Amino acid sequence: MKISRGCGLALFVAVAAGALTASVEAVTPEEQAVLASVQAMFDGMAKRDAAAIKAPTLPGGVMVLMRDGKPTQMTFDAFAERVGKPGRTQIEERIHDPLVRIDNDLAVVWAPFEFLVDGKVDHCGTDLFNMVRTDGKWMIASVADTGRKDCLVK
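A brief report on the enclosed structure follows. Keep in mind the model is a prediction, meaning the values are calculated, not measured.

**Some words on helix α4 (residues 76-83)**
All of the buried residues along α4 are Phe76, Phe79, Ala80 and Val83. The buried residues of α4 occupy an angular sector of 100 degrees when projected down its axis, which confines them to one face. Against α2 (29-47), α3 (50-54), β1 (57-67), β2 (70-75), β3 (91-95) and β7 (137-147) lie the buried residues of α4.

**Quick word on the layout of surface pockets**
In this structure, the largest pocket encloses a volume near 410 Å³. Lining the largest pocket are 23 residues, with Arg67, Phe79, Val83, Phe115 and His123 positioned closest to its centre. Those elements that provide at least two residues to the lining of the largest pocket are α2, β1, β2, α4, β3, β5 (106-117), β6 (120-134) and β7. For the lining of the largest pocket, the element with the highest residue contribution is β6, accounting for four residues. Considered class by class, the residues forming the lining of the largest pocket number 14 nonpolar, two polar and seven charged.

**A word on the nonpolar core**
Core analysis: the largest hydrophobic core is formed by 27 residues, its most contacted members being Met45, Val109, Phe129 and Met131. Those elements that provide at least two residues to this core are α2, α3, β1, α4, β5, β6 and β7. Element by element, the count of residues in this core is highest for α2, at six residues. Those residues in contact with phenylalanine 129, other than ones at most four positions away along the chain, are Val38, Met41, Phe42, Ala107, Val108, Val109, Ile140, Ser142 and Val143.

About the thresholds
- Residues numbered from 1 in each chain as written.
- Predicted model: local features only at pLDDT ≥ 70, side-chain atom pairs only at ≥ 80, totals over all residues.
- Heavy atoms only, no water.
- Buried < 20%, exposed > 50% of the residue type's maximum accessible area, 1.4 Å probe, protein only.
- Helix = DSSP H or I, 4+ residues; strand = E, 2+ residues; numbered from the N terminus.
- Arc of directions from axis to C-beta.
- Contact = heavy atoms within 4.5 Å.
- 1 Å grid on protein atoms, 1.4 Å probe; cavity = no way out; pocket = protein on both sides within 12 Å on 5 of 7 lines; lining within 4 Å.
- Points joined across faces, edges and corners; volume = space filled by probe spheres on them.
- Nonpolar A, V, L, I, M, F, W, Y, C, P; charged D, E, K, R; others polar.
- Core = buried A, V, L, I, M, F, W, Y, C linked by side-chain atoms within 4.5 Å.

In structure tokens:
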């Protein structure tokens, strides 16, 4: 079968548009529930509210923050106390293009992020959230991230 250039281009555009639509619709209600717990932690961070930061986390959970090839490990409680202190700077963490994988009561979120201080990107990297569903609610069991300063300003 021979396809003319015009038909080939039209077919390519139709397939590309279909693939784009499929990826946008791929976020299921369950994936949204997983991401809502991550966003709840970010909202608590922006408010500098230690209780709100800890609310979506599993008690005893830990964070591993990779900086310059070296890990810094801390509990969620320690992180919440550190970030939850009143401050003059505005902070915000944003993720984009999250990859969410769920198997029964276990999920992971892998997503690039930017961390903003007073509206400007301070550092960026990749977040990795390990999630568990307990009593019907998704909780953050652990977090690991990379952090670097060579971010592209958008």
